[in-house]
Number of protein chains: 2
Amino acid sequence: MAVYTEVSDDELAAFIADYDIGPVLSFKGIAEGVENSNYVLLTGGGPYILTLYEKRVAEADLPFFLGLIEHLAARGVPCPVPVHGRDGEVLRRLCGRPAAITSFLAGVWPRRPRPDQCAALGEALARLHLAGLDYAPQRANALSLDSWRPLFERCRAGADDVAPGLSAEVAATLSRIDAEWPRDLPRGVIHADLFPDNVFFERDRLSGLIDFYFACNDALVYDLAVCLNAWCFEPDLSFNVTKARLMIARYRAVRRCSADEIAALPRLAEGAALRFLLTRLYDWINQVDGALVKPKDPREYLHKLRFHRGVRDPAAYGIDP
Amino acid sequence: MAVYTEVSDDELAAFIADYDIGPVLSFKGIAEGVENSNYVLLTGGGPYILTLYEKRVAEADLPFFLGLIEHLAARGVPCPVPVHGRDGEVLRRLCGRPAAITSFLAGVWPRRPRPDQCAALGEALARLHLAGLDYAPQRANALSLDSWRPLFERCRAGADDVAPGLSAEVAATLSRIDAEWPRDLPRGVIHADLFPDNVFFERDRLSGLIDFYFACNDALVYDLAVCLNAWCFEPDLSFNVTKARLMIARYRAVRRCSADEIAALPRLAEGAALRFLLTRLYDWINQVDGALVKPKDPREYLHKLRFHRGVRDPAAYGIDP
């Protein structure tokens, strides 16, 4: 939960004057979102989301992200649409930070995703991947395999305090994954962070995908591997193979996967678990006093990593051979 | 900023089914409010506020608060109106906590109140006081003079670490205020916490008063004394007598004050400053690791207290003799 930047009513009124969306009726900071400051903005034109980009998002990447959601929305992906100011720009500055207004998406994110919601997620992910194929701008994945070792070195010293033996376990995993990592899979734009709190449902219908601020070019099925981690484990960390089977099947019904892609899933899922283990470990060890966001427990992803490590056959994910 | 209780989509849908406000389109936790968990709730019926009452609000007081805002709203005070469920009740339970839905008030709270907004606040405060005169339920002020000494005893040991000499200064102030406190002033329902973040403006018009969870029966002008502290000091803590003069004049234009009430203002303002100094001092000293709300600096109110201590004539507040 986070609002890092306090926007004054006067600053907001001046900012809004550059748009054709009517006067401000209300704006309230949202207690969700870790990276940026988000506000629900009600104007004469309806509800919008106002985002101020904080320092964890590189300003140079913002045109990639905003261009991407505009591109995807134009192709029917239910994601926020950036609102253009009178000068045509979508990105401007507020309180010294880059800021943008986007459309408001109805829906509620699922606190405990059901199997049918995992299926809907698989379909939406495939549609996102297809819609992104002709998006020309490129952005490297800043949290890909190459980044994991340097990230680990920056938190290695504290790892064993989080879980005994964690340092050696991560080091061994890094070496093995580096050797086994599938490097020639079909690539495209991936969301890279499509956790349940970034996906809205209206009743049973998937109504929105948000927070594209980790989007990048990478192996498409790596995105599916992230979602297997984020959607298919129960609160007790048991793996729900029904959810995985439905998610993957509906993904494949929309986007045909090669045999190599399917075979790669266990290692990609292990790698995705390692990626979130490492970033959570880093945030856990480097907690800031008075921080507004509680770091998430890295051990959840250690558990998930161990699950995928044991998977040598994608059938474990309910995939039909 | 705070959302203490995470409401799941399923729990929310079941809760909403008891109301005639249409299906849930969206709900987002609000990063404001210290006492409770607040959500912007969009339904087919429009926007609402969903509040879950956390442990700092006594459940036994909730009928007083909810009855009060319903009473005030019916008399034209721009405050949230509780929404009745199909069974007629306004208070029910969600996630194990008392919960209520209220109407959504348009407007934005002023980060730096202007003189004209201080004037509007004075007028709204007087209207609130008049509208509350025939509200029958009673609630004692849990943070009145009698509570300050026991509160001080619970944080006295750490006081000098916050400001050297603070402990002795507060002890002396308590003794003197106790002797000088005006005890026979006209009483009624007061808001008792009408800070700028509890007051909304749409453009120049005061459009809403919120957060009645400190409301109680006490001397009416004590409420004005709270507002002098909360609205009339500049960010550098200088006192803006123009704002005070306008606030008090507009208050008196709506509700006639006795000479005793006006004469009492300096001590009431000093007492109000002491009340916020003590609660902030307590929260400052008793900081909870991982708390979602940053405690406010108590020294701001030490400074304000010293200002009012020096005031012996209400003319210092711009009051015409």
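These numbers were taken from a predicted model, which means no experiment stands behind them. (Residues numbered from 1 in each chain as written. Chains lettered and ligands numbered in written order. Predicted model: local features only at pLDDT ≥ 70, side-chain atom pairs only at ≥ 80, totals over all residues.)

Structural notes on the overall build of chain A
Note the cut-off: Numbering goes from the N terminus for both helices and strands, where a helix is a DSSP run of H or I of at least four residues and a strand is a run of E of at least two. Based on C-alpha atoms, the radius of gyration is set beside the globule rule, defined as 2.2 Å times the residue count to the power 0.38. Three exposure classes are used. Buried residues have 20 or more other C-beta atoms within 10 Å of their own C-beta, exposed residues have 12 or fewer, and partly exposed residues fall in between, all C-beta atoms being placed from the backbone. What counts as a contact is two residues whose backbone-derived C-beta atoms lie within 7 Å of each other.
A tally of helices and strands in chain A yields 10 helices and nine strands. Taken against the 2.2 N^0.38 rule, which gives 20 Å for 321 residues, the C-alpha radius of gyration of chain A at 20 Å falls within 12% of a compact globule. By its C-alpha atoms, chain A is 55 × 45 × 35 Å across when sized along the principal axes. Within chain A, the proportion of its 321 residues that are buried is 44%. Partitioning the intrachain contacts of chain A with sequence separation of at least 6 by distance along the chain shows that 72% fall at a separation of at least 24.

So, the relation of the copies chain B and chain A
We apply this condition: A least-squares fit on C-alpha atoms brings the copies together, and the residues used are those whose pLDDT is at least 70 in both copies.
After a rotation of 180° and a shift along the axis of 0.0 Å, chain B superposes on chain A with an RMSD of 0.0 Å. The transformation just described matches what one would write down for a two-fold rotation axis. Mapped onto chain A, 100% of the interface residues of chain B again fall at the interface, so both copies present the same surface.

Observations concerning the nonpolar core
As a rule of thumb, nonpolar side chains are buried together in soluble globular proteins. Which entries qualify depends on this criterion: The term nonpolar core refers to a set of buried Ala, Val, Leu, Ile, Met, Phe, Trp, Tyr and Cys residues connected through C-beta atoms within 7 Å.
Met247(A) and Met247(B) are the most contacted members of the largest nonpolar core, which has 188 residues in total. Excluding residues that lie within four positions of it along the chain, Met247(B) makes contacts with Cys118(B), Ala119(B), Leu121(B), Gly122(B), Cys227(B), Trp231(B) and Cys232(B).

Let's talk about helix α1 (residues 9–16) of chain A
Because the α-helix completes a turn every 3.6 residues, residues three or four places apart line up on one side. All names here are of chain A. The cut-off we apply is this: Directions pointing from the helix axis toward each C-beta atom define the arc.
Along α1, the positions that sit buried rather than exposed are Asp9, Phe15 and Ile16. Axial view of α1: buried residues confined to an arc of 125°, hence all on one face. On its buried side, α1 packs onto β1 (24–29), β2 (37–43) and β4 (92–94).

Details of unusual backbone geometry
Backbone geometry places Asp211(A), a non-glycine residue, at a positive phi of 60°. Its place among the elements puts Asp211(A) in the loop between β8 (205–209) and β9 (216–219). With phi around 70°, Leu237(B) is a residue other than glycine that occupies positive phi space. With respect to the element layout, Leu237(B) can be found in the loop between α7 (220–231) and α8 (241–254).

So, the interface of chain B and chain A
Rules: Each residue gets one label: Ala, Val, Leu, Ile, Met, Phe, Trp, Tyr, Cys and Pro are nonpolar, Asp, Glu, Lys and Arg are charged, and the others, such as Gly, are polar.
Counting residues at the interface gives 27 residues for chain B and 27 residues for chain A. Of all elements in the fold, only β1 (24–29) and β2 (37–43) of chain B reach the threshold of two or more residues within the side of chain B that touches chain A. When residues in the side of chain B that touches chain A are grouped by element, the largest group, six residues, is from β1(B). Residue composition of the side of chain B that touches chain A, by class: 14 nonpolar, five polar and eight charged.

Side note on the environment of Asp10(B)
All names here are of chain B. Mapped onto the fold, Asp10 is located in helix α1 (residues 9–16). A tally of 13 C-beta atoms within 10 Å means that Asp10 is categorised as partly exposed. For the pair Asp10 and Gln138, spaced 128 residues apart in sequence, the C-alpha separation works out to 37 Å.

Section: the pairing of strand β5 (residues 97–103) of chain A
All names here are of chain A. The condition is simple: DSSP-based pairing: two strands are paired if at least 2 bridges between them are found.
With five bridges joining them, strand β3 (residues 46–52) and β5 adopt antiparallel strand pairing. Bridge pairing links Ile49 to Thr102 in β5. Pairing geometry for β4 and β5, over three bridges, is antiparallel. Residue pairing for β5: Arg93 is matched across the bridge by Pro98. Hairpin geometry of β4 and β5 is characterised by an intervening segment of two residues between the two adjacent antiparallel strands and by a positive phi of about 55° at Cys95.

Looking at the sheet that holds β2(A)
Residues and elements named next belong to chain A. In plain terms, the rule: Note on definitions: angles span 0 to 180 degrees between N-to-C directions of axes, and those axes are lines fitted to C-alpha atoms, for helices only across the stretch in contact.
The strand order across the open sheet formed by five strands is β1-β2-β3-β5-β4, and the pairing between neighbours is antiparallel. Lying at the two open borders of the sheet, with one neighbouring strand each, are β1 and β4. Averaged over all neighbouring strand pairs, the angle between strand axes comes to 35°, with direction disregarded.

Regarding the domain arrangement of chain A
Residue and element names in this part refer to chain A. Condition: Start and end points for every domain follow an automatic or database-based domain assignment.
Domain boundaries in chain A define domain 1 (9–103) and domain 2 (115–317). Domain 1 and domain 2 are separated by 27 Å when their C-alpha centres are compared. Taken together, the residues of the side of domain 1 that touches domain 2 sort by class into 11 nonpolar, two polar and four charged.

A look at the sheet that holds strand β3 (residues 46–52) of chain B
Residues and elements named next belong to chain B. One open sheet accounts for five strands, arranged β1-β2-β3-β5-β4; its pairing is antiparallel. For this open sheet the edge positions go to β1 and β4 (92–94), each flanked by a neighbour on one side alone. Across this sheet, the average inter-strand angle for adjacent strands is 35°, counted without regard to direction. Across the sheet, α1 lies against β1, β2 and β4, angled at about 120° from β1, the strand it touches most.

Focus: the pairing of β2(A)
All names here are of chain A. Most of β2 is tucked away, with six of its seven residues classed as buried. Direction of pairing for β1 relative to β2: antiparallel, over a ladder of five bridges. Within β2, the residue paired with Ser26 across the bridge is Leu42. Looking at chain direction, β2 and β3 are connected through seven bridges and run antiparallel. The residue bridging Ser37 from the neighbouring strand is Leu52, located in β3. Counting the residues in the hairpin turn of β2 and β3 gives two residues.

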